[in-house]
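These are the residues of each chain, in order.
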Amino acid sequence: MKTVKRRNFLKIFASIGIFGTMAGQTAYALVKSFFPKARYEPPQRFKVGSAYQFTDGPNFLAKHRIFVIKEGNKFHALSSVCTHLGCNVTFNKLAKTKNVTVRGKEIEEKWEFNCACHGSKFYGDGTPYTGPAPTPLPAYEVSVSAVDRKLIVDKNIVVDSGQRFTV
Ligand code: FES
């Protein structure tokens, strides 16, 4: 039977200890990297205020890059981020309402959205009709907090642009 000398045994034991520790630390760092302590994105679901604080029509909230649109007691939220290259669009109140056909449906428009960067224009429901913007401005779910009755916009949930939340 082959015997391991004391010196060799200690070398093997030390090597296992060093490599075991390194492997353990690497595994720990890898697992920890899946759970970062810092979030670099702002929350996508947030309160925007009480219904009475909004004026009729689009209300631009620069911090969240959305329009909260009030029509009487109905609300919806539309992204202000142009779907071309991400500039903020501005809303343009029309001097008089006009009827347009959007995706086979006739809608009465009181405002439109324009992007100053490369000239995209969007109907009032967010559908682009001229310029390079490839897709509509997304509409987000609006709800109300059961705690303080403030409106909540959830940018994680894209809804049909015709959906309205009634307060
Ligand atoms: S970023 Fe709006 S048209 Fe280019």
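The coordinates are above.
Predicted model, so just to flag it, every value in this text is computed and none were measured. Think of each chain on its own: its residues are numbered from 1, step by step along the sequence as written. Where totals are concerned, whole chains, interfaces and linings use all residues; where local detail is concerned, this predicted model gives features only for residues with pLDDT of at least 70, and gives and counts side-chain atom pairs only at 80 or more. As a rule here, side-chain values cover all heavy atoms of the structure and leave hydrogens and water aside.

**Q** Help me understand the state of the cysteines, please; the structure alone is not making it clear to me.
**A** Disulfide: a covalent bond connecting the sulfur atoms of a pair of cysteines. Two cysteine sulfur atoms make up a disulfide if the distance between them is within 2.5 Å. Within the structure shown, the criterion is met by 1 disulfide. With its sulfur 2.0 Å from that of its partner, Cys87 forms a disulfide with Cys117. Measuring the twist about the S-S bond at about -95°, one finds the Cys87-Cys117 disulfide to be left-handed. In this pair, Cys87 sits in the loop between β4 (74-79) and β5 (90-102) while Cys117 sits in the loop between β6 (105-114) and β7 (121-122), placing the two residues 30 residues apart along the sequence. Summary of the burial criterion: residues with accessible area below 20% of their type's maximum are buried, those above 50% are exposed, and those between are partly exposed, where the area comes from a 1.4 Å probe applied to protein chains only. A relative accessible area of 22% means that Cys87 is categorised as partly exposed. The class of Cys117 is partly exposed, set by a relative accessible area of 39%. Put simply, DSSP marks the helices as runs of H or I at least four residues long and the strands as runs of E at least two long, and each gets a number from the N terminus on.

**Q** For this particular structure, what's the right way to read the sheet that holds β6?
**A** Adjacent strands of a sheet form backbone hydrogen bonds with each other and so pair up, either parallel or antiparallel. Any two strands with at least two DSSP-identified bridges between them are counted as paired. With antiparallel pairing, the 4 strands of this open sheet are ordered in space as β5-β6-β7-β8. Edge positions in the open sheet fall to β5 and β8 (128-130), since each of these has one partner strand only. Strand direction decides the pairing type here: β6 and β7, joined by 2 bridges, are antiparallel. Paired with Asn114 across the two strands is Lys121, which belongs to β7.

**Q** Help me understand the side chain of Glu112, please; the structure alone is not making it clear to me.
**A** Take Glu112: it is sitting in strand β6. Within 3.5 Å is the distance limit for a polar contact, defined as a pair of N or O atoms, with the added protein rule that one can donate a hydrogen and the other accept it, and that residues adjacent in sequence qualify only through two side-chain atoms. Among the polar contacts listed, one links the side chain of Glu112 to the side chain of Lys98, at a separation of 3.1 Å. Residues count as neighbours in contact if any of their non-hydrogen atoms are within 4.5 Å of one another. Aside from chain neighbours lying at most four places away, what touches Glu112 is Thr90, Phe91, Asn92, Leu94, Lys98, Phe122, Tyr123, Gly124 and Tyr129.

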